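Coordinate analysis (summary)
One-letter residues, chain by chain:
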Amino acid sequence: MSRLPVMSSKRVLPSSSSSSGGSENGQDYAPAQKKIRKDPEPGKAFAAATVIGSRRPPAAVTRAPICDWFSCRNRCSFLGVLKPTMASTVAKGGNLKQPTGTAGGTGANKRKAWDLKGKVSDMEVKMRDYQTKVKSVNKENEVLRGTMVQSQTRVAEIEKELERQRGQIRTYEEELQVLSGVRDELETVSSEKMTLQKELSNLEGKYKVMETLRDSQETELQTLKIKLSVQESTLARLQSTLREMEEEVCSLKETVTQQKDELHAGEMERRRLHNTIQELKGNIRVFCRVRPVVDGGVSKHIQLPASDTKMITLAKTEESHTGKTTDTQKNYNFSFDRVFGPAASQQEIFEEISLLVQSALDGYNVCCFAYGQTGSGKTYTMEGDEFTETRGVIPRAVQQVFKAAEKLAAQGWEFNFTASFVEIYNESLRDLLYTGKASKRPEHEIRKSVTNEVTITNLTYEKVVNEDQVLGLIALANQNRSTAQTAQNDRSSRSHSVFQLDIEGVNGGRDIKCKSTLCLVDLAGSERMLKSQSQGERFKEMTAINGSLSNLGIVISALANKENYIPYRNSKLTYLLQGCLGGNSKTLMFVNIAPEPDSFGETLNSLRFASKVNDCVIGTASANRK
């Protein structure tokens, strides 16, 4: 950075300057005036005091270090002008202050006290000298004032020049800072340039590689264009095929809709024909099942014709009362809807009633109950064992209902199922699904609604959605059911159990609703007192069982005779089953018989009771649809 130029020659100050201009910048010359006061020449002290004493300069202003050199040069210039003037004054008038002496300034002896005239004369001489000196000093003062004005003007110009030089210095310093930043940027740009050059070389290499790739891709592009043209032609062909397929799909949709309507019409026709078949078979149907002999032998008094599955014959040999004729054999022939021999399986039994179970999903009330003496196999027929092959009517019916409901769901049907299990023990109702304390069992009553629906108060009704839930409820009911040991059976059922599955179906697309009940009943075993040897509580149970079964026979007889009054309320069993026996229901009864010869009398009574039921006509059942 260059420094400011230094003036080597003294500049002559202009003589024209007003006193006011000097006063404005008087503060800049205070150090110069103080320098004059401290002049070491002894003969000029008074003159300096005379020149400067007319006005008191203000205090000096502190300046920046960069101005000290210029201030010293101003002071020297001012003193160079001032000293010659004072020297001329001393040459003209001598010392500014002379010691007092004799007249004429000779310094002779002192006047006497009485020489007043001489003293006056001396004083006049001194007066003239002083006047002359005052004039000379005033002239010098005027000269010094002019010189001071010139100096002040020069100082102002120098200060302006100084400010200009300072501005230039600041500008140069700013430029220097900018240039230093530019130098850093230049170094950064240089390093970036080197980096970019390296990248450029790398990019050039990559560019060559890309050119090679471009050439290969152009070749591939040409190949793809050829393939694209082929694909476009294929696409056009496929689009035309697609349009044809869409038209075909629309046609198929119309066909599917038409087939759905036909399927629904076919389903309704199937239900109608199915119901017609069931009506032709009779709304009360009776099946007879013969239990196998325990030791595997053959029962001789029970005869089952091989050519006729609906006939059963009981043969009894009677002795001659006169003794003259040989023993005679008396046969009792019975005919039912179907007779199953000892070799019939559980699956074969259920196949005969599966169509009846299907009617429950079609909106018909269905009831199936087993009747017979103790130990004839009623519970095995209705419930069976836990194995698949030996499962009874109840679990198989539940399985069929849920499978059929799943198939009907494809046609828009939705079903809700509610299960309940109750037993009639000693003419009182018990909830077999109750899981609370025995001491807090609620009481139950049979109620009949305005729509002739039979319900039980305080009974547990469980919502079920699958087969496993129902089987769990059946297992719970078997644990709670009342059984006891008798002379005819180690584990005889001492109550009537009634399983009900309420079915509600809705077809939203067809706006059809149906409601039905599937009722599966396992009756208690009928028995004679002498043969069962029941005593005490067992005798009471036997009396209640036989009484309810007798009332069931009375109701069946009244229905068969078409009497005006049917005594349903004589027992809880007939009151609960009145909708199945004389109402809007399809009913099936299993009569189970024991093959032992000593059970001939009980077997004959059971077959006679079943024959009465088979002869009963309760009217045509109708579906509960809306």
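Residues numbered from 1 in each chain as written. Predicted model: local features only at pLDDT ≥ 70, side-chain atom pairs only at ≥ 80, totals over all residues. Heavy atoms only, no water.

Under the criterion given, the structure shown has nine aromatic pairs. On the numbers, 5.8 Å between centres and 70° between planes, the contact of Phe 287 with Phe 340 is edge-to-face. Placement of Phe 287 in strand E1 (residues 284-290) and of Phe 340 in strand E5 (residues 338-340) is noted, with a sequence separation of 53 residues between them. Neither Phe 287 nor Phe 340 differs from the other in exposure class; each is buried. Chaining the aromatic ring pairs together yields one cluster made of Phe 402, Trp 413, Phe 415 and Phe 417. Directly above the ring of Tyr 425 sits Arg 430, whose terminal nitrogen or CZ lies 5.8 Å from the centroid. Above the plane of the ring of Tyr 364 lies Lys 586, whose end atom (NZ or CZ) is 4.1 Å from the centre. (Phe/Tyr/Trp six-rings, centres within 6.5 Å; stacked < 30°, edge-to-face > 60°. Helix = DSSP H or I, 4+ residues; strand = E, 2+ residues; numbered from the N terminus. Buried < 20%, exposed > 50% of the residue type's maximum accessible area, 1.4 Å probe, protein only. Lys NZ or Arg CZ within 6 Å of the ring centre and 35° of its normal.)

Running from N to C, helix H6 (residues 346-361) and helix H8 (residues 393-409) cross one another at 45°; their axes reach a closest spacing of 9 Å. The orientation of H6 relative to H8 falls into the category oblique. Considering how the two elements wind past one another, H6 and H8 form a crossing that is right-handed. Residues Gln 346, Gln 347, Phe 350, Ile 353, Ser 354, Val 357, Gln 358 and Leu 361 of H6 touch H8, and the partners they reach there are Val 393, Arg 396, Ala 397, Gln 400, Val 401, Ala 404 and Ala 405. (Axes fitted to C-alpha atoms, helices over the stretch in contact; angles between N-to-C directions. Parallel < 35°, antiparallel > 145°, perpendicular 65-115°, else oblique. Left-handed = near helix turned anticlockwise from the far one by under 90°. Contact = heavy atoms within 4.5 Å.)

For side chains bearing opposite charge, pairing can occur when the charged atoms are close. Following the criterion strictly, the structure yields twelve salt bridges and no others. Across the pair Glu 218 and Arg 214 runs a salt bridge whose closest N-O atoms are separated by 3.8 Å. Taken together, the positions of Glu 218 and Arg 214, both in helix H5 (residues 116-281) and four residues apart, correspond to about one turn of that helix. Given the relative accessible area of 40%, Glu 218 is considered partly exposed. Salt bridges sharing partners connect three or more residues here, namely Arg 214, Asp 215 and Glu 218. (Salt bridge = Lys/Arg side-chain N within 4 Å of Asp/Glu carboxyl O.)

What follows is about H8. Between its first and last C-alpha, H8 extends 24 Å over 17 residues, near the 24 Å set by a 1.5 Å rise per residue. For H8, the buried fraction is high: twelve of the 17 residues fall into the buried class. Of the residues making up H8, those classed as buried are Val 393, Ile 394, Pro 395, Arg 396, Ala 397, Val 398, Gln 400, Val 401, Phe 402, Ala 404, Ala 405 and Leu 408. (Expected span 1.5 Å × (residues − 1).)

Turning next to the pairing of strand E7 (residues 413-425). Across the 13 residues that make up E7, a large majority, eleven, are buried. With twelve bridges joining them, E7 and strand E14 (residues 496-507) adopt antiparallel strand pairing. Across the sheet, the residue bridging to Ser 420 is Gln 500, located in E14. By the bridge criterion, four bridges tie E7 to strand E8 (residues 428-431) in an arrangement that is antiparallel. Its bridge partner being in E8, Glu 423 is matched across the sheet by Arg 430. Hairpin connection, E7 to E8: the antiparallel pair is bridged by two residues, and Asn 426 has positive phi, about 55°. (Pairing = 2+ DSSP bridges.)

Turning our eyes to something else, we now look at the pairing of E1. Extensive coverage of E1 is indicated by the burial of seven of its seven residues. Taking every second residue as pointing to the same face, both faces of E1 are buried, with Ile 284, Val 286, Cys 288 and Val 290 on one and Arg 285, Phe 287 and Arg 289 on the other. Note: E1 against strand E16 (residues 585-593), seven bridges, orientation parallel. Note on E16: the bridge partner recorded for Phe 287 is Phe 590.

Look at Asn 426: it is not a glycine, yet its phi comes out positive at around 55°. Of note, Asn 426 is situated in the loop between E7 and E8. On the basis of relative accessibility, which here comes to 23%, the residue Asn 426 falls in the partly exposed class.

Mapped onto this numbering, the UniProt entry annotates "binding site: ATP" (unreviewed entry) at Gly 372, Gln 373, Thr 374, Gly 375, Ser 376, Gly 377, Lys 378 and Thr 379. Position of Gly 372 relative to the elements: it lies in strand E6 (residues 365-372). Beyond its immediate stretch of four places on either side in the chain, Gly 372 contacts Lys 378, Ala 524, Gly 525, Ser 526, Asn 592 and Ser 606. With respect to the helices and strands, the residue Gln 373 is situated in the loop between E6 and helix H7 (378-382). (UniProt positions renumbered as here; feature names shortened; annotations may be inferred.)

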